[in-house]
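Read off the chains here:
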Amino acid sequence: MQLPAIRRLRSPGRAAAVAAALVLALASAAACGGDEGATVQGAKLIKKGVLTSCTHLPYPPFQEEKGGKVVGFDVDMVDLVARKLGVTQKVIDTPFETMKTGSALNAGKCDIVMGGMTIKPDRVKFMDVSQPYFDATQALLAKKDLGITSLDDVKGRKLRLGSQASTTGEDFVKSKGLDPRSFDNSLAELDALRTGQVDVIVQDYPVVQNWLKNPADKARFTLAANLDTGEQYGFWFRKGHNPKLVELTNQAIAESKANGTYQRIYEKWIGPMPKGGASPAPSGSTS
């Protein structure tokens, strides 16, 4: 938007009037260039026609980029919320630290945070959370020839342990007296195991199961142990800002479990769903 040139005016009154008009014009020009938010069914969206989600890529099977598109278990679940609102989902990749502290939400970067993020008391202090949508455990993935079956084996034999930074899996093994080598994301952690930088890694069970679908990884590594930590994942929202979006998300989760959609999504990305719930079945003796 181009603004007209303003001539120097002798009259203070006229000058003030022109200045006020200029302020309005500048505000209008700024509005022309920005994305306008919207309220849909009482839910506040930072961008009209879009439910914007934040996550940290890659984190298969919950979210990863394939063919230029972000796909995965969490993406499909948040798509259910977007459909209830009559909008489309847009995924934003952001550092995990900005997700777990709520800073991405507070900065207006996204409407909802996904990414296999565990419901924890310290996180609930800073963000609102949906009802749990996934029961999770941690798993140890190790070289087959090590023959380990527990964290005690890792500690006792002084094996090199890897973890993903800022995750509950990392926190869990630290609480057991281990000092893992930290990696920025799950694939960097897996690559460290593949290249011999570490002997064992701790990661969410569904992620490990997804890795073991790769014949090359299945030939070299084994799920050595499940670590039942009683974790549940939730979707996250800016604290006190968007109660209607929380409500609609809870509705989408409940409806998906009632009508079979949840099971289809689970089996699509993870595998057969155990009887009696969404928890991964123990395999071996677990963000």
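The paragraphs below set out a description of the structure included in this document. Because the structure is a prediction, the values reported are computed rather than measured.

**A look at the state of the cysteines**
Then comes step 1: Counted under the stated rule, the structure contains 1 disulfide.
Then comes step 2: Across a sulfur-sulfur distance of 2.3 Å, Cys54 and Cys110 are joined as a disulfide pair. Residues Cys54 and Cys110 share a disulfide whose torsion about the S-S bond is about -110°; that sign makes it left-handed. Of this pair, Cys54 sits in strand S3 (residues 50–55) while Cys110 sits in the loop between helix H4 (103–106) and strand S7 (112–113); the two residues are 56 residues apart in sequence, bridging distant segments of the chain. For the pair Cys54 and Cys110, a shared accessibility class is recorded, and that class is buried.

**Brief notes about the layout of surface pockets**
Then comes step 1: Space inside the largest pocket adds up to approximately 160 Å³.
Then comes step 2: Residues of the lining of the largest pocket, tallied by class, amount to 5 nonpolar, 1 polar and 4 charged.

**Quick notes on the packing of aromatic side chains**
Then comes step 1: Applying the stated criterion across every chain yields a total of 13 aromatic pairs.
Then comes step 2: Arranged with centres 5.8 Å apart and planes meeting at 80°, the rings of Phe62 and Phe73 form a pair that is edge-to-face. With Phe62 in the loop between S3 and strand S4 (64–66) and Phe73 in helix H2 (residues 73–85), this pair connects stretches of sequence that are 11 residues apart.
Then comes step 3: We classify Phe73 as buried; its relative accessible area is 0%.
Then comes step 4: Relative to Tyr266, the ring of Tyr262 has its centre 6.4 Å away and its plane inclined at 35°; by these criteria the two rings are tilted. With a gap of 4 residues between them, Tyr262 and Tyr266 both fall in helix H12 (residues 261–269), about one helical turn apart.

**Description of the pattern of salt bridges**
Then comes step 1: Scanning the entire structure with this criterion turns up 12 salt bridges.
Then comes step 2: Lys66 serves as the salt-bridge partner of Glu64, at 3.8 Å between the closest nitrogen and oxygen.
Then comes step 3: Note that Lys239 is salt-bridged to Asp128, the shortest N-O span being 3.7 Å. One end of the pair, Lys239, is in the loop between strand S14 (236–238) and helix H11 (243–259); the other, Asp128, is in strand S8 (residues 127–129), with 111 residues separating them in the sequence.
Then comes step 4: On the basis of relative accessibility, which here comes to 42%, the residue Lys239 falls in the partly exposed class.
Then comes step 5: Taken together, the salt bridges that share partners define one network made up of Lys143, Arg160 and Asp199.

**Describing the nonpolar core**
Side chains of a nonpolar character, in soluble globular proteins, are inclined to be buried together.
Then comes step 1: Leu51, Phe73, Met77, Leu85, Phe134, Leu141 and Phe235 are the most contacted members of the largest nonpolar core, which has 50 residues in total.
Then comes step 2: Of all the elements, H2 adds the most residues to this core, at 8 residues.
Then comes step 3: Beyond its immediate sequence surroundings of up to four residues, Phe73 is in contact with Pro61, Phe62, Tyr133, Phe134, Tyr262, Ile265, Tyr266, Trp269 and Ile270.
Then comes step 4: Core analysis: the second largest hydrophobic core is formed by 16 residues, Leu146, Val154, Leu161 and Val200 among them.

Rules of the game
Residues numbered from 1 in each chain as written. Predicted model: local features only at pLDDT ≥ 70, side-chain atom pairs only at ≥ 80, totals over all residues. Heavy atoms only, no water. Disulfide = S-S within 2.5 Å. Helix = DSSP H or I, 4+ residues; strand = E, 2+ residues; numbered from the N terminus. Buried < 20%, exposed > 50% of the residue type's maximum accessible area, 1.4 Å probe, protein only. 1 Å grid on protein atoms, 1.4 Å probe; cavity = no way out; pocket = protein on both sides within 12 Å on 5 of 7 lines; lining within 4 Å. Points joined across faces, edges and corners; volume = space filled by probe spheres on them. Nonpolar A, V, L, I, M, F, W, Y, C, P; charged D, E, K, R; others polar. Phe/Tyr/Trp six-rings, centres within 6.5 Å; stacked < 30°, edge-to-face > 60°. Salt bridge = Lys/Arg side-chain N within 4 Å of Asp/Glu carboxyl O. Core = buried A, V, L, I, M, F, W, Y, C linked by side-chain atoms within 4.5 Å. Contact = heavy atoms within 4.5 Å.

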